[in-house]
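Listed below are the residues making up each chain.
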Amino acid sequence: RLLREAPANGPANIEMARILAHAGDWREAAWYYRRGLFGQWPESTPVDQRELRFELAELLASNNASQDLQAEIPLLDREIDNPEELRRLGRLLLAG
């Protein structure tokens with residue numbers, strides 16, 4: 001209901017993405033992740049776009065969506081600032 005009333009609601013889109021991913025509908029989940037990433041976020045709700053991008057990329061990698069994954073890698077690469085995330089990105093690169 002919230003998404004019908006406020007389709008640009010970032011947190012609601014991410015929640016829908018997670019529900020769909022859990023249900024195995026990875027294509028729809030990816031769509032909602034992207035909507036959430038570019039959606040509106042309340043100032044009181046901090047958004048960790050890097051972590052959300054990793055969630056999306058890992059979803060794509062686990063479903064062998066290599067073309068979509070390759071589109072996400074450069075966006076992640078610009079945001080990485082620690083060795084653990086670099087290793088995480090490396091695993092995604094190997095999966096893609």
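What counts and what doesn't
The residue numbers shown here count from 1 along each chain, following its written sequence. In view of the model being predicted, local features appear only for residues whose pLDDT reaches at least 70, and side-chain atom pairs are presented and counted only at 80 or more, with totals across whole chains, interfaces and linings using the full set of residues. Values shown for side chains rest on all heavy atoms present in the structure; no hydrogens or waters enter the calculation. The definition of a nonpolar core used throughout is a set of buried Ala, Val, Leu, Ile, Met, Phe, Trp, Tyr and Cys residues joined through side-chain atoms within 4.5 Å. The classification of residues rests on relative accessible area computed with a 1.4 Å probe and restricted to protein chains. Under 20% of the type maximum is buried, over 50% is exposed, and intermediate values are partly exposed. Numbered from the N terminus, helices here are DSSP runs of H or I no shorter than four residues, and strands are runs of E no shorter than two. Lines fitted to C-alpha atoms define the axes here, with helix axes fitted over just the stretch in contact, and angles between the N-to-C directions of these axes take values from 0 to 180 degrees. Under this scheme an angle from 65 to 115 degrees is roughly perpendicular, one under 35 degrees roughly parallel, and one over 145 degrees roughly antiparallel; angles in between are oblique. Take the far helix as your reference; a near helix turned counterclockwise from it by less than a right angle gives a left-handed crossing, and one turned clockwise gives a right-handed crossing. In this analysis, two residues are considered to be in contact whenever any of their non-hydrogen atoms come within 4.5 Å of each other. Here the term charged refers only to Asp, Glu, Lys and Arg, the term nonpolar to Ala, Val, Leu, Ile, Met, Phe, Trp, Tyr, Cys and Pro, and the term polar to all other amino acids, Gly among them. Salt bridges are identified by distance alone: a Lys or Arg side-chain nitrogen within 4 Å of an Asp or Glu carboxyl oxygen.

Further remarks concern the nonpolar core. Tyr33, Leu56, Leu59, Leu60, Leu69, Leu76 and Leu92 are the most contacted members of the largest nonpolar core, which has 25 residues in total. Contributing elements (two or more residues each) for this core: α2 (10–23), α3 (26–37), α4 (49–62), α5 (66–77) and α6 (83–95). Here the element with the most residues in this core is α4; it accounts for seven residues.

On to the packing of α4 against α6, then. With their axes 10 Å apart at the nearest point, α4 and α6 run at an angle of 25 degrees to one another. If you check the angle between α4 and α6, you find them roughly parallel. The hand of the α4/α6 crossing is left-handed. Side by side, α4 and α6 meet where Arg50, Glu51, Phe54, Ala57, Glu58 and Ala61 of the first sit next to Glu85, Arg88, Leu89, Leu92 and Ala95 of the second. Partitioning the contact of α4 with α6 into residue classes produces six nonpolar, no polar and five charged.

Tracing the sequence through the fold places leucine 37 in helix α3. With 15 residues separating them in the primary sequence, leucine 37 and leucine 52 have C-alpha atoms 7.3 Å apart. In contact with leucine 37, other than residues within four places in its own chain, are Ile14, Gln49, Leu52, Arg53 and Leu56.

The tally for this structure, following the rule as stated, stands at 11 salt bridges. Between arginine 18 and glutamate 55 there is a salt bridge whose closest N-O contact spans 2.7 Å. Of this pair, arginine 18 sits in helix α2 while glutamate 55 sits in helix α4, and the two are 37 residues apart along the sequence. Overall, arginine 18 belongs to the partly exposed group, its relative accessible area being 35%. Between arginine 50 and glutamate 85 there is a salt bridge, and its shortest N-O distance comes to 3.0 Å. Pair noted here: arginine 50 is in helix α4 and glutamate 85 is in helix α6, with a separation of 35 residues, a long-range link. Using a relative accessible area of 12% as the deciding quantity, one classes glutamate 85 as buried. Because the salt bridges share partners, they merge into one network encompassing Arg34, Arg53, Glu72 and Glu79.

Read these as geometric descriptors, not functional statements.
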